[in-house]
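Residues per chain are reported as follows:
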Amino acid sequence: MFRAALRLTGPDWTRAVTHCLHLAGRWHIHNQSTNLTRSYSNQKTSPALRQFSSRDRFASMEDKELLTEPIHIGEKRACPEEDSEPAAKRARVQDEANGSHVTKTKEEDEELEADEEEEPLVGEDGEGESFADMMKHGLSEVDVGIHKFVSDHKGFSGILKERYSDFVVHEISKEGRIVRLDDLSVPVETEEASVEVEPTDCQALTEEQKQQLADLQLFKNKEGNVAIEVKNDSKEKRTLLHKAVKTLYPGLETKTEEREGKKFIVAYHAAGKKALAAPRKHSWPKNRGSFCHFVLYKENKDTMDAINVLSKFLRVRPNVFSYMGTKDKRAITVQEIAVLKISAERLAHLNKCLMNFKLGNFSYKKHPLKLGELQGNHFTVVLRNISGSDEQVEQAMMSLRVTGFINYYGMQRFGTTAVPTHQVGRAILQNNWTEVMDLILKPRPGAEKGYLVKCREEWAQTQDPEAALKKLPVKRCVEGQLLRGLSKYGKKNIITAFGLIPRNNRLMYIHSYQSFVWNTMVSRRVEAYGLKAVEGDLILRGGTAHVLTAEEAENQSIHDVVMPLPGFDVIYPTHEVGKGYRDLLTADNLDIDNLRHKVRDYSLAGAYRRILIRPSDVSWEVIQYDDPKVPLIYTDVEKLENKPVPVYLKEGKYRALKMEFSLPPSTYATMAIREVLKMDTSIKNQTQLNTVWLN
């Protein structure tokens, strides 16, 4: 039985998807029929499937990882945050105004929970259930309104993210520049600017002590600390030594101890509340910008994980960092980060300490970065072991370049199991708080960690929040936070208890419902009217929605047509599909004319989203290779280290499709790949098609 951290509902499903797929091995993506109306459940496994070792890890693609609660390296993930659009009084244009949906999580001062013991997954029928059996209760694309394709080429199979290095993301800055790591040097400043009180050398340390401190910094010191005797040194000299150790060896803390009448400065690893303490005060040059901007290159880490690691080693709070968007975990990603009053020297020193990170392209500026400021992301993706002919690949990629893909919300928006996030969101909008509580806490089929299964069973049997809470070793997950609220405020105050869940998590549920409605209605729109603008469609003029007349529609591109997410500050298409919004919400016991909620946070303003997205900078090539583990993308770090460029074979055992494209914020690269391969991207579908690889 796999050992993983799965949640069946709540904002932590993103982690569950990734972790399960890592354990399950590589999923082979199955080609879809060009019949756009038939159910995905009737698909058969492609005869082009190749047998690969299940030890090779592969994860479902996400074009961006969603924010998580701060965690430290070595800790198990318990309660990631979901991306969410901030509540607003006015309707927003999702892919033009604010860009990314993600919002920054609130940093908490309290110390993070200790490492949780990893437990095996448990199905509803106990340990005997296979992973595929457990995941059969999850969602497929049709469950969240994803039905249509825009191209008519024949689909083909391939392996996505066989290696995390097969998926490389470069951020596109607000100036439209692709962010790359190409300079590790520290900016040269004038003498006036170099007055930060940070010793650059420490003559009081012997070479042996320096080596011991370096080993301690890299967790190679078995003692767990290094003691440096200070015989007759004055307090001023000891203070300088404290500062020197902390500056030269980021991540270490120091204290003065007296042992057998002798004074020692003891260096040890910063941890817990010490690591989250306020930044140390330094003299900062007046003519230097307060924020050090740098490019962060990371491998197999999501953005919040990376920020937490950096903050731990620098002994600052995570909220001194700012960024324009979050990036994938299972990928190599490059993005710009800004940090308040941390020098480039200190940041550059981390390159000696950290694995799978590189920091560079340092500069000082007067402003931080803001979420959504980016223009998008540039993707370099390798699909290995493709079955499609060169002609099929050409047709698929030309369609992606010329027509694009339906701008669906990807599967990571909705969860993976029998209780999808949009159902919870619907109950919130219905003001049905008993159902909200029940959906989050009730037992459900599928895979979960053992302690969560026991928690749900306890709740079902006793309805006692305190008893159920005792079954959870980690209380920071959504279930734990809701139970803590119910224990504190009582079951008659569910709204107040629900408020203990972080705001991002709560908003995620209702935004998931909006996404479900949008996906469903766009599928109907494409089915009814195809890929042309028609009378009654909506376009944006200066940020305001305008209804097309028949004459205007004749001269309007489908790429300009938008569809609304339901809300009180949007208008709807006037054709029959537009009228379907009212029918859909009425069936869900919601009044489309009254989407204001008595809890202001849950009022839906609505937004507009383009039906089709046409990627820019699209290029591709079919390459051949013999070794499944050979790198096929030349990374920024490999260029800096002057490593040889990957050599592609003229003839090889396997064929791969290497593609590059750029997407605006708030779009899912998963959906672009889906259009190329004609595949169902859900975990449920992949497990059903690939159970052979799990045995």
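Residues numbered from 1 in each chain as written. Predicted model: local features only at pLDDT ≥ 70, side-chain atom pairs only at ≥ 80, totals over all residues. Heavy atoms only, no water.

**Quick look at the overall build of the protein chain**
The number of helices and strands found in the protein chain is 21 helices and 21 strands. The buried share among the 695 residues of the protein chain stands at 59%. Split by element, the accessible area of the protein chain, about 28600 Å² in all, is 46% carbon and sulfur. (Helix = DSSP H or I, 4+ residues; strand = E, 2+ residues; numbered from the N terminus. Buried < 20%, exposed > 50% of the residue type's maximum accessible area, 1.4 Å probe, protein only. Areas by Shrake-Rupley, 256 points an atom, 1.4 Å probe, with all protein chains shown as cover.)

**Some words on the pairing of strand S18 (residues 607-610)**
Of the two faces of S18, the one lined by Ala607 and Arg609 and the one lined by Tyr608 and Arg610 are each fully buried. As paired strands, strand S17 (residues 561-565) and S18 are joined by 4 bridges and run antiparallel to one another. Each bridged residue has a counterpart across the sheet, and for proline 564 the counterpart in S18 is tyrosine 608. (Pairing = 2+ DSSP bridges.)

**Remarks on helix H12 (residues 450-462)**
Helix length check: H12, at 13 residues, gives a terminal C-alpha distance of 18 Å against a target of 18 Å (1.5 Å per residue), a fit within 8%. Burial in H12 covers these residues: Gly450, Tyr451, Leu452, Val453, Cys455, Arg456, Glu458 and Trp459. (Expected span 1.5 Å × (residues − 1).)

**Brief notes about the packing of helix H16 (residues 503-529) against helix H18 (residues 576-587)**
A pair of packed helices is captured by two measures, namely the crossing angle of their axes and the spacing between those axes. One can describe the packing of H16 onto H18 by two numbers: an axis separation of 10 Å at closest approach and a directional angle of 145°. Taken as a pair, H16 and H18 cross one another with a handedness that is right-handed. For the pair formed by H16 and H18, the contact residues are Tyr513, Val517, Trp518, Thr520, Met521, Arg524, Arg525, Ala528 and Tyr529 on the first element and Glu576, Val577, Gly580, Tyr581, Leu584 and Leu585 on the second. Of the residues belonging to the contact of H16 with H18, the class tally is 10 nonpolar, 2 polar and 3 charged. (Axes fitted to C-alpha atoms, helices over the stretch in contact; angles between N-to-C directions. Left-handed = near helix turned anticlockwise from the far one by under 90°. Contact = heavy atoms within 4.5 Å. Nonpolar A, V, L, I, M, F, W, Y, C, P; charged D, E, K, R; others polar.)

**Describing the packing of aromatic side chains**
One pass over the full model with this rule turns up 13 aromatic pairs. With a centroid separation of 5.3 Å and an interplanar angle of 40°, the aromatic rings of tyrosine 625 and tyrosine 654 are classed as tilted. One end of the pair, tyrosine 625, is in strand S20 (residues 616-625); the other, tyrosine 654, is in strand S21 (residues 654-663), and 29 residues separate them in sequence. On the basis of relative accessibility, which here comes to 12%, the residue tyrosine 654 falls in the buried class. Three or more aromatic residues link up through ring pairs in this structure, and these residues are Trp433, Phe498, Tyr509 and Tyr602. Over the ring of tyrosine 364 we find arginine 288; its NZ or CZ atom is 4.4 Å from the centre of that ring. (Phe/Tyr/Trp six-rings, centres within 6.5 Å; stacked < 30°, edge-to-face > 60°. Lys NZ or Arg CZ within 6 Å of the ring centre and 35° of its normal.)

**Focus on the sheet that holds strand S6 (residues 252-259)**
The 3 strands lie next to each other as S5-S7-S6, forming an open sheet whose pairing is antiparallel. Only two strands of the sheet have a single partner each, and these edge strands are strand S5 (225-229) and S6. Taking each pair of neighbouring strands and ignoring which way they run, the sheet shows an average axis angle of 25°. When S6 meets strand S7 (residues 262-269), the two strands line up antiparallel, connected through 8 bridges. The partner of glutamate 257 across the bridge, within S7, is phenylalanine 264. On the sheet, helix H4 (residues 207-217) packs against S5, S6 and S7 and is oriented at approximately 155° with respect to S5. Seen against the sheet, helix H5 (residues 235-248) touches S5, S6 and S7 and runs at an angle of roughly 145° to S6.

**A look at the pattern of salt bridges**
Applying the stated criterion to the full structure yields 19 salt bridges. Here lysine 255 and glutamate 257 are joined by a salt bridge, their closest N and O atoms 3.2 Å apart. Given a relative accessible area of 24%, glutamate 257 falls into the partly exposed group. (Salt bridge = Lys/Arg side-chain N within 4 Å of Asp/Glu carboxyl O.)

**As for H4**
Turning to H4, its buried residues number three or more, namely Gln209, Leu213, Leu216 and Gln217. Each buried residue of H4 sits inside an arc of 100° when the element is viewed along its axis, so together they form one side. Exposed residues on H4 whose side chains face more than 90 degrees from its buried face are Glu207 and Glu208. Against S5, H5, S6, S7, helix H7 (303-314) and helix H8 (344-349) lie the buried residues of H4. (Arc of directions from axis to C-beta.)

**Concerning the environment of arginine 315**
Counting through the fold element by element, arginine 315 comes out in the loop between H7 and strand S9 (321-323). With 62 residues separating them in the primary sequence, arginine 315 and glutamate 253 have C-alpha atoms 8.5 Å apart.

**So, the nonpolar core**
Judged by nonpolar contacts, the single largest core of 102 residues is most densely connected at Phe498, Leu657, Met659 and Phe661. Tallying contributions element by element places H16 first for this core, with 11 residues. Once you skip the residues sitting within four places of it in the chain, leucine 657 turns out to touch Phe156, Val381, Val382, Leu383, Ile386, Val393, Met397, Trp620, Glu621, Val622 and Val676. (Core = buried A, V, L, I, M, F, W, Y, C linked by side-chain atoms within 4.5 Å.)

**Quick notes on the confidence of the model for the protein chain**
Per-residue confidence for the protein chain averages 77 on the pLDDT scale, and 73% of its residues sit at or above 70. Predicted confidence for residues 124-128 stays below pLDDT 50, and this span has 8 contacts to residues more than four positions away or in other chains. (pLDDT = per-residue confidence, 0-100.)

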